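Working through the structure, step by step
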Amino acid sequence: MSNALLTLSKAIHPDRLYILETDLKTISNTFEWCKEGITSEMDTLQNLSYNEYMLDWETFLEHDTMVFIPDIEMLKEDYPSDCQILK
């Protein structure tokens, strides 16, 4: 998975990439890639409440299995709490 994230990073040039896994009760960051100079959030994104952190994302995931956000600021007006979490 680390190699897959590295390969994907070369195509889309993000600051970081996550793979999150859930049991619909909690959500955890199980794989992460960070650009040089970007701090890992792996340890802080473990066993979080699904209802608190993912319910808004279900809207984004209704028609796809991934979310691509080219600029977090795009969320600021309609999804301020999600924007803050991602920052």
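Cut-offs used in this document
Residues numbered from 1 in each chain as written. Predicted model: local features only at pLDDT ≥ 70, side-chain atom pairs only at ≥ 80, totals over all residues. Heavy atoms only, no water. Salt bridge = Lys/Arg side-chain N within 4 Å of Asp/Glu carboxyl O. Helix = DSSP H or I, 4+ residues; strand = E, 2+ residues; numbered from the N terminus. Buried < 20%, exposed > 50% of the residue type's maximum accessible area, 1.4 Å probe, protein only. Pairing = 2+ DSSP bridges. Core = buried A, V, L, I, M, F, W, Y, C linked by side-chain atoms within 4.5 Å. Contact = heavy atoms within 4.5 Å.

**Section: the pattern of salt bridges**
For the structure on display, the rule yields 3 salt bridges. Here Asp15 and Lys35 are joined by a salt bridge, their closest N and O atoms 3.0 Å apart. Residue Asp15 is found in the loop between helix H1 (2-12) and strand E1 (16-22), and its partner Lys35 is found in the loop between strand E2 (26-34) and strand E3 (48-49); the two are separated by 20 residues along the sequence. Judged by its relative accessible area of 41%, Asp15 falls in the partly exposed class. Relative accessible area serves as the criterion here: at 38%, Lys35 is assigned to the partly exposed category.

**A short note on unusual backbone geometry**
One can expect most non-glycine residues to show negative phi and most peptide bonds to be in trans. Its identity is not glycine, yet Leu24 carries a phi of approximately 70°, on the positive side. By the element assignment, Leu24 lies in the loop between E1 and E2. Under the relative-accessibility criterion, Leu24 is labelled exposed at 58%.

**As for the sheet that holds E3**
Ordered in space as E1-E2-E3, the 3 strands form an open sheet in which the pairing is antiparallel. Because the sheet does not close on itself, it has two edges, and the strands there are E1 and E3. Sheet topology places E2 next to E3; 2 bridges connect them, and they run antiparallel. The residue of E3 that forms the bridge with Thr26 is Ser49.

**Considerations on the pairing of E1**
Pairing between E1 and E2: 7 bridges, direction antiparallel. Considered in E2, the bridge of Thr22 is made with Ile27. What sits between the antiparallel neighbours E1 and E2 is a turn of 3 residues, in which Leu24 has the positive phi angle 70°.

**A few points about the nonpolar core**
Ile27, Leu45, Leu48, Tyr50, Met54, Trp57, Leu75 and Cys83 together form the largest nonpolar core, which totals 8 residues. When neighbours within four sequence positions are excluded, Trp57 is seen to be in contact with Val67, Ile69, Leu75, Asp82 and Leu86.

**Concerning the environment of Ser81**
Of note, Ser81 is situated in helix H4 (residues 80-86). In this structure Ser81 comes out as partly exposed when scored by relative accessible area, which is 44%.

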